[in-house]
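# Coordinate analysis (summary)
Chain by chain, the residues run as shown.
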Amino acid sequence: MSTILTHIAIADGKIKRSSLEVLSHCKQLAEQGGHSVEAVVIDANASSFVEGIQKYGASKVYVVEDPIFKNHMNTPLLKALSNVMETANPSVFAFASTEGTKDILGALAANQDAAVLPDVSSFELTEGGVKAKRPVMAAKIISNTEAKGDKVIVSVRSGSYDLVENETSAEVVKVDFSMDEGELKATLKEIISASGDTIDLNEAEAIVAAGRGVKDEEGQKLISELAEVLNAGIGASRALTEAGVYDPSLQIGQTGKVVSPQLYIAVGISGAIQHVAGMANSKVIVAINKDADAPIFEIADYGLVGDLYKVLPPFIEELKKI
Ligand code: FAD
C-alpha cells in the first residue's frame, strides 16, 4: 500500500476549492487501488482548516502552523513541503495548479529527486508511476504523459474534478517548523491586489466573460449585473483588457488565465483560438453573440444569437426570479 499525499492550499482565510477537488480525486484513486490518502495544510492558522479537510476523506492530516506562512513565500514553503514529503514518503504528491504551486513545484521536485507532471487536466496511477493528460498548444492538443518512479509530483487544473464529500476522522499530525531569518533568501514587502474584491477566476463556479461586443459603460453594467445575479466572477477577452476596460488579471486565454468553471457565459466574444485556449474546458459554455457564424458557437453548449444590449436585460430579470 502506498500513500497519496494532497496539498491543501489556503487563500484569503479559506481552503481553495481546487485543492479539495484534487483531494476528492485522490480519495477515489486510493479506494480503487487500496492506497491511503493523506493531506498537508501549511498556514499561519493551519489547524483551523483540519475540519474542512476531514470532510473529503484524508486519513491523516499534516499540519504545519507558523506565522511565516501568512503570505506565500517560496523558501519556507519549500522547506515545509520537503519536511512533510520526507515524513509521509508519498508515491504521489498532488497539488491544485495555482500561481503559488507554479512558484515551488520545480524546486520541490529537484529537492526531492521526484518526477513532476505540472498543470494536468486528469491523472491516474499506473504500475510504478502516474499517467496524465495535459492540454497543450492552446488546448488544441491533449498530450498523454507518463512519469515513472517512486515519487511523482502532479499539479491539477481547477475544475478538473468534482467535489465528493467523504467524512473521516483523520489522524492529525502537527509538524514542527522553524526557520532562521538568515535562511530567507527574499522577504515580502507588499502585496498589491490587482483586481480588488473580484471573485478569484480560478475558484469561481461561474464566469461571465466580456468581449469587444461590450462597447460601453452600459454594456459593462449589464455584465456586472449578470455576474452578480449568478454570483459569478467577471472575465474578459484580450480585446477589452488591452483597451484598459478590464484589469489584465481578468484576461482569459492563452496569454491570460486558464479556467474551467461549471458555467462560462461568453458575451460579445468571437471565440478566437487564443481565447478558447483559456476556457474550452468549462463544463457548460453559453455564448451570446449577434453574429450566428461566430466561432464561439462551435464550442458552446447553448448559443443565443442576438444583440447583447437587447438580450441581457430580460435574461437578467428572469434569473432574478429564480
Ligand atoms: P472580437 O474578435 O472583435 O469579437 C467581438 C465579437 O462581439 C464579435 O463576434 C461580434 O459579432 C460580437 N458582437 C459585437 N457587438 C455585439 C453585440 N451588440 N451583441 C452581441 N455580440 C456582439 N485573446 C484573448 O481573449 N485572450 C488571450 O489570452 C489572447 N492571447 C493572445 C495571444 C496572441 C499571441 C495573439 C496573437 C492573440 C491573443 N488574443 C487573446 C487575441 C485574440 O486573437 C482575439 O483578438 C481576441 O480574443 C478577440 O477578442 P473578442 O472576441 O472580444 O473581440
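With an unreviewed UniProt entry as reference, the chain is termed Electron transfer flavoprotein subunit alpha, source organism Gracilimonas mengyeensis. Taken from UniProt, the Function (unreviewed entry) comment for the chain reads in full: "The electron transfer flavoprotein serves as a specific electron acceptor for other dehydrogenases. It transfers the electrons to the main respiratory chain via ETF-ubiquinone oxidoreductase (ETF dehydrogenase)."

### Things to note about the sheet that holds strand β14 (residues 233–236)
Strand pairing in a sheet relies on backbone hydrogen bonds, with the paired strands running either antiparallel or parallel. What the 5 strands build is an open sheet, ordered β14-β13-β15-β16-β17; its pairing is parallel. The sheet is open, and its two borders are formed by β14 and β17 (302–305), each paired with just one other strand. Direction aside, the axes of adjacent strands within the sheet are offset by 15° on average. Alignment of strand β13 (residues 206–210) against β14, held across 4 bridges, turns out to be parallel. Opposite Ile 207, over in β14, you have Gly 233 as the bridge partner. Of the strands in this sheet, β13, β14 and β15 (263–267) touch helix α5 (residues 217–230), which is tilted by about 175° from β13. Along the sheet, helix α9 (residues 308–321) contacts β15, β16 (284–289) and β17; its crossing angle with β16, the most-contacted strand, is approximately 130°.

### Focus: the layout of surface pockets
A volume near 1900 Å³ is recorded for the largest pocket. Every residue lining the largest pocket is counted, 49 residues in all, and those nearest its centre are Ile 10, Ala 11, Asp 12, Lys 16 and Asp 200. Within the residue set of the lining of the largest pocket, elements represented by two or more residues are β1 (3–8), β2 (10–11), β3 (14–15), β4 (36–43) and α4 (99–112). Examining the composition of the lining of the largest pocket, we find that 4 residues originate from one element, α4, more than from any other. The residue inventory of the lining of the largest pocket, partitioned by class, reads 23 nonpolar, 15 polar and 11 charged. Considering only enclosed or pocket space, the second largest pocket measures out at about 500 Å³ in volume. Forming the walls of the second largest pocket are 28 residues, and the residues nearest its centre are Arg 212, Ser 237, Gly 268, Ile 269 and Ser 270. Here the lining of the second largest pocket is built from residues that sort into 8 nonpolar, 14 polar and 6 charged.

### A look at α4
The first and last C-alpha atoms of α4 sit 21 Å apart over 14 residues, in line with the 20 Å expected at 1.5 Å per residue. By the largest-angle criterion, Leu 105 marks the main kink of α4, which is about 35°. Buried residues along α4 sit against α3 (74–88), β6 (92–96), β7 (115–120) and β11 (152–156). One or two steps after α4, the chain reaches Asp 113, where phi turns positive at roughly 50°.

### Quick look at empty space enclosed by the protein
Evaluation of the coordinates by the stated rule reveals 3 cavities of 30 Å³ or more. Along its surface, the largest cavity is lined by 14 residues, and Arg 17, Glu 21, Gly 159, Ala 204 and Ser 260 are the ones closest to its centre. A class-by-class count of the residues in the lining of the largest cavity yields 4 nonpolar, 6 polar and 4 charged. Lining the second largest cavity are Ala 139, Arg 157, Val 258, Val 259, Val 276, Ala 277, Ala 280 and Asn 281. Here the lining of the second largest cavity is composed, by residue class, of 6 nonpolar, 1 polar and 1 charged.

Analysis parameters
- Residues numbered from 1 in each chain as written.
- Predicted model: local features only at pLDDT ≥ 70, side-chain atom pairs only at ≥ 80, totals over all residues.
- Heavy atoms only, no water.
- UniProt positions renumbered as here; feature names shortened; annotations may be inferred.
- Pairing = 2+ DSSP bridges.
- Helix = DSSP H or I, 4+ residues; strand = E, 2+ residues; numbered from the N terminus.
- Axes fitted to C-alpha atoms, helices over the stretch in contact; angles between N-to-C directions.
- Contact = heavy atoms within 4.5 Å.
- 1 Å grid on protein atoms, 1.4 Å probe; cavity = no way out; pocket = protein on both sides within 12 Å on 5 of 7 lines; lining within 4 Å.
- Points joined across faces, edges and corners; volume = space filled by probe spheres on them.
- Nonpolar A, V, L, I, M, F, W, Y, C, P; charged D, E, K, R; others polar.
- Expected span 1.5 Å × (residues − 1).
- Bend = angle between axes of the 7 residues up to and from the residue.

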